[in-house]
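Chain by chain, the residues run as shown.
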Amino acid sequence: MAEKKVSLPAKLINGGVAGLVGVTCVFPIDLAKTRLQNQQGVQVYNGMLDCLAKTIRSEGYFGCYRGAAVNLTLVTPEKAIKLAANDVFRQKLSKDGHLPLWGEVLAGCGAGTCQVVVTTPMEMLKIQLQDAGRLAAQRPVPTPAQASASGSAQSLVPPPTARPPPPTRTSATSITVELLKTRGLAGLYRGAGATLMRDVPFSMIYFPLFANLNALGRETVGDVQARAPFWQSFVSGCGAGSVAAVAVTPLDVIKTRLQTLQKGDGEDTYKGIVDCTRRIMVREGPSAFLKGAACRALVIAPLFGIAQGVYFLGVGETLLGLLG
């Protein structure tokens, strides 16, 4: 059945608004996911809750939002491209209002391919900022004995309990400038192949699954299918998002490792996708490919639930109507 058509500007606004709302809600979990996936030798964190607790203790509450500015800036075009491209491809591949399963998968493939232009530099910058706290926590902290020995005179006041030094406050701008100076534009697109390998399968799973879940029980007027209620779009987005997220977690681990520029003591550096896959398998075992899977599902499920809820509520159409 044909769905009610929405203009391209409205699709872009819907995707942008949905991305902003969704990222604001789930970014701390995404930060925990990145830090857990990058752990190789020294286990700084024992899980998502432990990671968030230690982050708040050492960096404060807003430490959980390190890198959020980059995400919030670029998630609008990223989500707008992803959702709008999928709809455009679905409309082009539909015949007489019907879209076969192969068409749904192909439309998702096209959407995932288009978004990589924005996703790769966004993830590249975000990962450096998110992982800075983990690297700082790995640095050796002077013991009370070492601290007292370094002084010229012995103090009668006991030294304070040693705490990890706060992470160096780098910015997305400084990272961008440094990458452009040393590696050119290609530096911002490091890991583009791995990003493509993750996002294309994700979209090929997510969009067909979401479309079928979202179509359940919807009435049809003539040849136009009624707009889904918010709760159905939200639940369908959450369900499809969590399934797709867990399915491509191994590819997300590889992408995260490849895009991380600074490594901790004893951590591997990788020459490419094949080398990364081989080293993780040999040194950490198959279970390492599922690091952060729960976090990823908890991030993607509400993110896409909110995205599809806003998208199908028609926020873009309303805003365009108010603007005349």
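Calculation criteria
Residues numbered from 1 in each chain as written. Predicted model: local features only at pLDDT ≥ 70, side-chain atom pairs only at ≥ 80, totals over all residues. Heavy atoms only, no water. Helix = DSSP H or I, 4+ residues; strand = E, 2+ residues; numbered from the N terminus. Buried < 20%, exposed > 50% of the residue type's maximum accessible area, 1.4 Å probe, protein only. Phe/Tyr/Trp six-rings, centres within 6.5 Å; stacked < 30°, edge-to-face > 60°. Core = buried A, V, L, I, M, F, W, Y, C linked by side-chain atoms within 4.5 Å. Contact = heavy atoms within 4.5 Å. Disulfide = S-S within 2.5 Å. Patch = residues over 30% accessible without salt bridge, like charges linked within 9 Å, V, L, I, M, F, W, Y side chains within 5 Å. Areas by Shrake-Rupley, 256 points an atom, 1.4 Å probe, with all protein chains shown as cover. Salt bridge = Lys/Arg side-chain N within 4 Å of Asp/Glu carboxyl O. pLDDT = per-residue confidence, 0-100. Lys, Arg positive; Asp, Glu negative; His and termini not counted. Polar contact = N/O pair within 3.5 Å; in protein donor to acceptor, adjacent residues only side chain to side chain. Axes fitted to C-alpha atoms, helices over the stretch in contact; angles between N-to-C directions. Parallel < 35°, antiparallel > 145°, perpendicular 65-115°, else oblique. Left-handed = near helix turned anticlockwise from the far one by under 90°. Nonpolar A, V, L, I, M, F, W, Y, C, P; charged D, E, K, R; others polar.

## So, the overall build of the chain
Here is step 1 of the chain: Assigned secondary structure in the chain consists of 13 helices and 3 strands.
Here is step 2 of the chain: Per-residue burial for the chain yields a buried fraction of 48% across its 324 residues.

## A word on the packing of aromatic side chains
Here is step 1 of the chain: A complete count under the given rule lists 8 aromatic pairs for this structure.
Here is step 2 of the chain: Judged by centre distance (5.1 Å) and plane angle (75 degrees), the ring pair of Tyr 206 and Phe 207 falls under edge-to-face. Accessibility classification places Tyr 206 together with Phe 207 in one group, the buried group.

## Comments concerning the nonpolar core
Here is step 1 of the chain: One finds Phe 202, Tyr 206, Ile 300, Leu 303 and Phe 304 to be the most contacted residues of the largest nonpolar core, which totals 22 residues.
Here is step 2 of the chain: Those elements that place two or more of their residues in this core are helix 1 (8-38), helix 3 (68-93), helix 8 (192-215), helix 9 (230-247) and helix 12 (293-313).
Here is step 3 of the chain: With residues up to four places along the chain from it excluded, the contact list for Tyr 206 reads Gly 237, Ala 240, Gly 241, Ala 244, Phe 304 and Gln 308.

## Some points on the state of the cysteines
When the sulfur atoms of two cysteines share a covalent bond, that bond is a disulfide.
Here is step 1 of the chain: This model, assessed by the stated rule, comprises 0 disulfides.
Here is step 2 of the chain: Cysteine Cys 51 is unpaired, with the sulfur of Cys 295 as its nearest cysteine sulfur at 7.5 Å.
Here is step 3 of the chain: Here Cys 114 stays free of any disulfide, with the sulfur of Cys 109 as its closest cysteine sulfur at 9.4 Å.
Here is step 4 of the chain: Residue Cys 114 is classed as partly exposed on the basis of its relative accessible area of 31%.

## Comments concerning a nonpolar patch on the surface
Here is step 1 of the chain: On the surface, a cluster of nonpolar side chains totalling about 440 Å² of accessible area is made up of Phe 230, Trp 231, Val 235 and Leu 313.
Here is step 2 of the chain: No other element matches the 3 residues that helix 9 contributes to the nonpolar patch.
Here is step 3 of the chain: Counting through the fold element by element, Leu 313 comes out in helix 12.

## Describing the pattern of salt bridges
Here is step 1 of the chain: Counting across every chain of the model gives 18 salt bridges.
Here is step 2 of the chain: Here the salt bridges do not stand alone but share partners, grouping Asp 30, Lys 33, Glu 123, Lys 126, Arg 198, Asp 199, Asp 252, Lys 255 and Arg 296 into one network.

## Digging into the confidence of the model for the chain
Here is step 1 of the chain: Chain-level statistics for the chain give a pLDDT mean of 84 and a share of 85% at 70 or above.
Here is step 2 of the chain: Confidence, read as mean pLDDT per element, is least for helix 5 (residues 144-149) in the chain (50) and greatest for helix 10 (residues 249-259) (95).
Here is step 3 of the chain: Predicted confidence for residues 152-157 stays below pLDDT 50, and this span has 0 contacts to residues more than four positions away or in other chains.

## Focus on the side chain of Glu 104
Here is step 1 of the chain: Inspection of the secondary structure assignment puts Glu 104 in helix 4 (residues 101-138).
Here is step 2 of the chain: Despite being buried, Glu 104 has no salt bridge partner; Arg 90 is the closest side chain of opposite charge, sitting 4.0 Å away.
Here is step 3 of the chain: Among the polar contacts made by the side chain of Glu 104, one reaches the side chain of Asn 212 at a distance of 3.1 Å.

## Quick word on the packing of helix 3 against helix 12
Here is step 1 of the chain: Helix 12 packs onto helix 3 with a crossing angle of 60 degrees between their chain directions and a minimal axis gap of 12 Å. Of the possible angle classes, the one that applies to helix 3 and helix 12 is oblique. Judged by the sense of rotation from one axis to the other, the crossing of helix 3 with helix 12 is right-handed. Packed against helix 3, whose contacting residues are Lys 79, Lys 82, Leu 83 and Asp 87, the element helix 12 presents Leu 303, Phe 304, Gln 308 and Tyr 311 at the interface.
Here is step 2 of the chain: Residue classes in the contact of helix 3 with helix 12 are distributed as 4 nonpolar, 1 polar and 3 charged.

## Describing the environment of Leu 180
Here is step 1 of the chain: With respect to the secondary-structure elements, Leu 180 resides in helix 6 (residues 172-183).
Here is step 2 of the chain: Filtering out sequence-adjacent residues up to four positions away, Leu 180 remains in contact with Leu 185 and Leu 188.

## Digging into the environment of Gly 19
Here is step 1 of the chain: Relative to the assigned elements, Gly 19 resides in helix 1.
Here is step 2 of the chain: Separated by 59 residues in the primary sequence, Gly 19 and Glu 78 have C-alpha atoms spaced 8.2 Å apart.
Here is step 3 of the chain: Residues within four places of Gly 19 in sequence aside, it is in contact with Val 75, Lys 79 and Leu 303.

## Comments concerning the packing of helix 9 against helix 12
Here is step 1 of the chain: Running from amino to carboxyl end, helix 9 crosses helix 12 at an angle of 145 degrees, the nearest separation of the two axes being 7 Å. Between helix 9 and helix 12 lies a crossing of right-handed hand.
Here is step 2 of the chain: Residue classes in the contact of helix 9 with helix 12 are distributed as 15 nonpolar, 7 polar and 1 charged.

## Observations regarding the environment of Phe 234
Here is step 1 of the chain: For Phe 234, the location among the structural elements is in helix 9.
Here is step 2 of the chain: Residues Phe 234 and Ile 306, 72 residues apart in the sequence, show an inter-C-alpha distance of 5.9 Å.
Here is step 3 of the chain: When residues no more than four places from it in sequence are discounted, the contact partners of Phe 234 are Pro 302, Gly 305 and Ile 306.

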